[in-house]
Amino acid sequence: FWNSVIGKPYIEFEDKVTKQEVYNCCSHYPMNSDCKEQTAMCVDVGKVLHCTIGIRTGRDSYRIVKVHRCNTWEELYVIANAYNCRSVVIDCAPERHKAKEFQQHYRGIVHLCEYNFSMSGGENWNNGVVRVNRTEICDRTTSVFKYAGKMMLPMRCSEIDQYAYEVSNTARKLVTGNNGVNFYSYITPNDAPDHYFHSTNYFLLACKFLNYSSLDDMRRNKNLQNDTPYTIF
């Protein structure tokens, strides 16, 4: 009915992150509060550069301290230095030469990210490029919003509202390939913006180069509100 009559893709509610699930991760600290620790910064490249910056608080828990849209690559250098970004992951496309230029000049650990639709079993890091199965990394991002205690965001503000809007625009959908085989893929109906969703994908990858306190991880696990098991990466 939705596809043939209304003309809009239908997505099951449970197959996407909702705005409310994003807002449930919001804390009481403001967006621009100081962060003394080394951070990860990740960038989805489009007409503007969507940046997600944060820290790793446990083996699979995270705190985002800043989401920001940069208009130029020069601005990207400024914000990376201001937030002491140790690990950076940048979308390979559509400006690979600009991404490589940043990689060559920035003092931290910088990887370019390429999505892959066929590989499985985690990501592949090689020669400054990380390759990852697109559906698998999207599943990981969805899970950190679905399970309490995995993601912490700054307090709600206009940019967090934009972040929630873009994260909630992408959903897991069963589709049929040209060869007739069914598979799951993440789609964005009506070409709605989803840059912050993919920026968060890259953020989870970049956080692998950040340290965290195992004691903090133990304390966090005691306070989890949802004990449902899921894959730790």
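Topic: the overall build of the protein chain
A tally of helices and strands in the protein chain yields eight helices and 10 strands. Evaluated residue by residue, the protein chain yields a buried proportion of 48% over its 233 residues. In the protein chain, of all internal contacts separated by at least 6 residues, the share reaching a separation of at least 24 is 64%. Carbon and sulfur atoms form 48% of the exposed surface of the protein chain, whose accessible area is close to 11900 Å².

Focus: unusual backbone geometry
Looking along the chain, the bond that leaves Ala93 and enters Pro94 is cis, with omega of 5°. Mapped onto the elements, Pro94 comes out in the loop between strand E4 (85–91) and helix H4 (96–105). Even without being glycine, Asn127 reaches a positive phi, approximately 55°. In this structure Asn127 comes out as exposed when scored by relative accessible area, which is 71%. Positive phi is not limited to glycine here, since Asn190 has a value of about 60°. When its relative accessible area of 56% is taken as the criterion, Asn190 is described as exposed.

Describing the pattern of salt bridges
It is possible for side chains of opposite charge to pair when their charged atoms get near one another. Across all of its chains, the model carries eight salt bridges by this definition. In this structure, the salt-bridge partner of Arg69 is Glu159, at a minimum N-O distance of 2.8 Å. A residue pair is termed long-range when its members are at least 10 positions apart, and Arg69 in strand E3 (residues 61–70) and Glu159 in helix H6 (residues 158–167) qualify at 90 residues. Using a relative accessible area of 34% as the deciding quantity, one classes Arg69 as partly exposed. Glu159 gets classed as buried once you look at its relative accessible area, which sits at 14%.

Quick notes on helix H3 (residues 73–82)
Of all the positions in H3, only Trp73, Leu76, Ile79 and Ala80 are classed as buried. Considered in projection along H3, the buried side chains sweep an arc of 110° and stay on one side of the axis. Of the residues in H3, the exposed ones pointing more than 90 degrees away from the buried face are Glu74, Val78 and Ala82. Among the structural elements, strand E1 (39–45), strand E2 (49–58), E3, E4 and H4 are those in contact with the buried residues of H3. Where H3 terminates, the next one or two residues include Asn84, which has phi positive at roughly 55°.

Quick word on the pairing of E4
Most of E4 is tucked away, with six of its seven residues classed as buried. Bridge count between E1 and E4: five bridges; the pairing is parallel. Among the inter-strand pairings, Ala40 is bridged to a residue of E4, identified as Ser87. The pairing of E4 with strand E5 (residues 109–116) spans five bridges and is parallel. Looking at the pairing, Ile90 lines up with Leu112 of E5.

A look at the environment of Ala148
Turning to its location among the elements, Ala148 is positioned in the loop between helix H5 (134–146) and strand E8 (151–152). Expressed as a C-alpha distance, the spacing of Ala148 and Ser61, which sit 87 residues apart in the sequence, is 9.8 Å.

Here is what the cut-offs are and how they apply
- Residues numbered from 1 in each chain as written.
- Predicted model: local features only at pLDDT ≥ 70, side-chain atom pairs only at ≥ 80, totals over all residues.
- Heavy atoms only, no water.
- Helix = DSSP H or I, 4+ residues; strand = E, 2+ residues; numbered from the N terminus.
- Buried < 20%, exposed > 50% of the residue type's maximum accessible area, 1.4 Å probe, protein only.
- Contact = heavy atoms within 4.5 Å.
- Areas by Shrake-Rupley, 256 points an atom, 1.4 Å probe, with all protein chains shown as cover.
- Salt bridge = Lys/Arg side-chain N within 4 Å of Asp/Glu carboxyl O.
- Arc of directions from axis to C-beta.
- Pairing = 2+ DSSP bridges.

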